[in-house]
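# Geometric and topological summary
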Amino acid sequence: MSTSKDILFTPTSLGALKLPNRFVMAPLTRSRAGSDMVPSPFAKTYYQQRAEAGLIIAEATNISPQARGYAFTPGIFTDAQEAGWREITDTVHQAGGRIVLQLWHVGRISHPSLQPEGQLPVAPSAVAPSGPTSTESGMQDMVTPRALRTDEIPGIIEDYRNAAARARRAGFDGVEVHSANCYLLDQFLRDTTNQRTDQYGGSVENRTRLTLEATQAVIDEWGADRVGIRLSPVTRAIGQTPTDSHPVETYGYLVDRLSDMKLAYLHCVEGQTRGSRTEDGFDFVSLRRRFSGSYIANNGYSFEDAAAILNDGTADAVAFGRPFIGNPDLVERARIGAPLVDAPESSYYMGGAEGYIDFPKLSG
Ligand code: PHB
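To keep things clear, this report deals only with the structure shown in the data block. The shown structure was predicted, so the numbers you read here are calculated from the model rather than taken from an experiment.

Cut-offs and rules
- Residues numbered from 1 in each chain as written.
- Predicted model: local features only at pLDDT ≥ 70, side-chain atom pairs only at ≥ 80, totals over all residues.
- Heavy atoms only, no water.
- 1 Å grid on protein atoms, 1.4 Å probe; cavity = no way out; pocket = protein on both sides within 12 Å on 5 of 7 lines; lining within 4 Å.
- Points joined across faces, edges and corners; volume = space filled by probe spheres on them.
- Nonpolar A, V, L, I, M, F, W, Y, C, P; charged D, E, K, R; others polar.
- Buried < 20%, exposed > 50% of the residue type's maximum accessible area, 1.4 Å probe, protein only.
- Helix = DSSP H or I, 4+ residues; strand = E, 2+ residues; numbered from the N terminus.
- Pairing = 2+ DSSP bridges.
- Right-handed = clockwise from strand over helix to strand, strands pointing away.
- Axes fitted to C-alpha atoms, helices over the stretch in contact; angles between N-to-C directions.
- Salt bridge = Lys/Arg side-chain N within 4 Å of Asp/Glu carboxyl O.
- Contact = heavy atoms within 4.5 Å.
- Near = heavy atom within 4 Å.
- Polar contact = N/O pair within 3.5 Å; in protein donor to acceptor, adjacent residues only side chain to side chain.
- Areas by Shrake-Rupley, 256 points an atom, 1.4 Å probe, with all protein chains shown as cover.
- Sits in = over half its atoms within 2 Å of the grid points.
- Core = buried A, V, L, I, M, F, W, Y, C linked by side-chain atoms within 4.5 Å.

Time to look at empty space enclosed by the protein. Regions of empty space are outlined by a rolling probe, equal in size to a water molecule, passed over the atoms. Tallied over the entire structure, the rule returns one cavity of 30 Å³ or more. Taken together, R32, A33, P39, S40, A43, E59, P74, W85 and Y356 make up the full set of residues lining the largest cavity. Here the residues of the lining of the largest cavity sort into six nonpolar, one polar and two charged.

Structural data, given as structure tokens:
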């Protein structure tokens, strides 16, 4: 296996997206939006500073008021939110970059104080997650969600469609469907969180239906070659959510169907989100082989390991998350072998410009 790092700096295509290098900025929740879910006024500087990435996947963004699970996360369902994102995409494009938006519904990973009229968060089934989430008045324990009625599901698919249409009007280069990390779509995929008896629960075909219908709605707005999807078959990180009992079969079937849809890319969190790339016996190379499009690998890759999987053809690009927080010029630092800044975790979430747009580049 060749490990020359040169490949990191070569161009590639993910569907219609043309990347000048193989560094993808992973979607990173930074919790700096307003209570109205309009992106932070500092966000355009933050993303512009990172425009050298082959592709920026902007932070997970709520598709509806009900989709929100953390304070100060942005949305893409009002005119003001769309206008806020337009400034960001214009700035990134002027800086020579490319940016897609990650479309998010958290499902049960929420709290009534984050929901319209203080209602219960919704989920496939009334199964409680474990632990707290961040609300506007601090960390609060999550609650048992309300199971969605079958007749509410078309409305959720419409929310994906409308958010995708707004993302297009906001000037993004594409969108990523967030079907990972134990949020709504992933809650439907897993037989542990999905105990439904309608056409959205039970068999693998039924549990994958919502992800596939939401993805199709997004494709209807964008064309498949500008739509990617993120999956995380083994993570338990968010809400201490148990994995599906048969992840190889469930996510394998899903990837076969997504492959038929000719999506731009498949993006996997390999291992534990917010943690490390322990694969828990899951074979990501086999999953990747079932997909006809491009593959973005993610989760704590060193530049050496990233180059190795690019050189052997396992991946087409590698998403780096935490390293992009402290190193806006991550691509340049990798090119010249400069040391990396380890951003303190206290800078990850909430606050203003500090710990957000004040990490310097090597050259001014
Ligand atoms: C997080 O806030 O840590 C977070 C948000 C979205 C994800 C994963 C983690 O998909």
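We now examine the pairing of strand β14 (residues 317-320). Side chains of β14 alternate between two faces, with A317 and A319 and V318 and F320 buried alike. Taken together, the three bridges between strand β3 (residues 23-25) and β14 define a ladder with parallel strand orientation. Bridge pairing links M25 to F320 in β14. Both strand β13 (residues 294-298) and β14 contribute to a ladder of three bridges, which runs parallel. Considered in β14, the bridge of A297 is made with V318. Taken together, β13, helix α9 (residues 303-311) and β14 form a β-α-β motif whose crossover is right-handed.

The next point concerns the sheet that holds strand β10 (residues 174-178). Read around the barrel, eight strands follow the order β3-β4-β5-β10-β11-β12-β13-β14 and close on themselves; strand pairing throughout is parallel. Here the strands of the sheet are splayed against their neighbours by 25° on average, with no regard to which way each runs.

So, on to unusual backbone geometry. When glycine is set aside, most residues are seen to have a negative phi, and most peptide bonds are trans. At S31, a residue that is not glycine, the phi angle is positive and equals roughly 50°. Topologically, S31 is positioned in the loop between β3 and α1 (43-49). Residue S31 is classed as buried on the basis of its relative accessible area, which comes to 5%. The phi angle at E117 is positive, at roughly 50°, despite the residue not being glycine.

The subject of this paragraph is the pattern of salt bridges. Across all of its chains, the model carries 22 salt bridges by this definition. Note that R166 is salt-bridged to D79, the shortest N-O span being 2.8 Å. You can see R166 sitting in helix α3 (residues 153-169) and its partner D79 sitting in helix α2 (residues 79-94), a full 87 residues away along the chain. The salt bridge partner of R149 is E152, with a shortest N-O separation of 3.8 Å. A relative accessible area of 18% means that E152 is categorised as buried. Here the residues in one salt-bridge network are D79, E82, R166 and R169, joined through shared partners.

What follows deals with α9. All of the buried residues in α9 are F303, A306, A307, A308, I309 and L310. The secondary structure elements touched by the buried residues of α9 are β3, β13, β14 and α11 (330-336). Downstream of α9 by one or two residues, G313 has phi in the positive range, about 85°.

With that settled, consider the layout of surface pockets. Within this model, the largest pocket holds a volume of roughly 920 Å³. At the level of elements, β5 (99-104), β7 (132-135), β14 and α10 (322-326) are the ones that each hand at least two residues to the lining of the largest pocket. Split by residue class, the lining of the largest pocket holds 22 nonpolar, 15 polar and four charged.

The next thing to look at is the site of the ligand. Taken together, T29, W104, H178, N181, Y183, I238, T273, R274 and Y349 make up all the residues around the ligand. Between the ligand and the protein, one listed contact pairs an oxygen atom with a side-chain N or O atom of H178 at 2.6 Å. Between N181 and the ligand, the recorded distance is 2.7 Å, taken from a side-chain N or O atom to an oxygen atom. For the ligand, the protein covers 91% of the area, taking 280 Å² as the surface of the free molecule. A molecule is said to occupy a pocket when more than half its atoms come within 2 Å of that pocket's grid points, and by this definition the ligand occupies the largest pocket.

A word on the nonpolar core. One broad trend across soluble globular proteins is that nonpolar side chains are buried collectively. Judged by nonpolar contacts, the single largest core of 83 residues is most densely connected at Y47 and L103. Other than its neighbours up to four places away in sequence, L103 contacts T61, I63, I76, Y160, A163, A164, V175, E176, V177, H178 and V218. Ranked by size, the runner-up nonpolar core spans 13 residues in total, among them A26, I57, V100 and Y265.

Turning next to the environment of A67. Its location among the elements puts A67 in the loop between β4 (55-62) and α2. Look at A67 and you get buried, because its relative accessible area is 0%. Put simply, A67 and L103 are 36 residues apart on the chain and 9.7 Å apart in space, counted from C-alpha to C-alpha. Leave out the neighbours within four places in its chain, and A67 touches N62, W104, H105 and V106.

The topology assignment puts Q48 in helix α1. Spatially, the C-alpha atom of Q48 lies 9.0 Å from that of P328, the residues being 280 residues apart in sequence. Filtering out sequence-adjacent residues up to four positions away, Q48 remains in contact with T91, V92 and A95.

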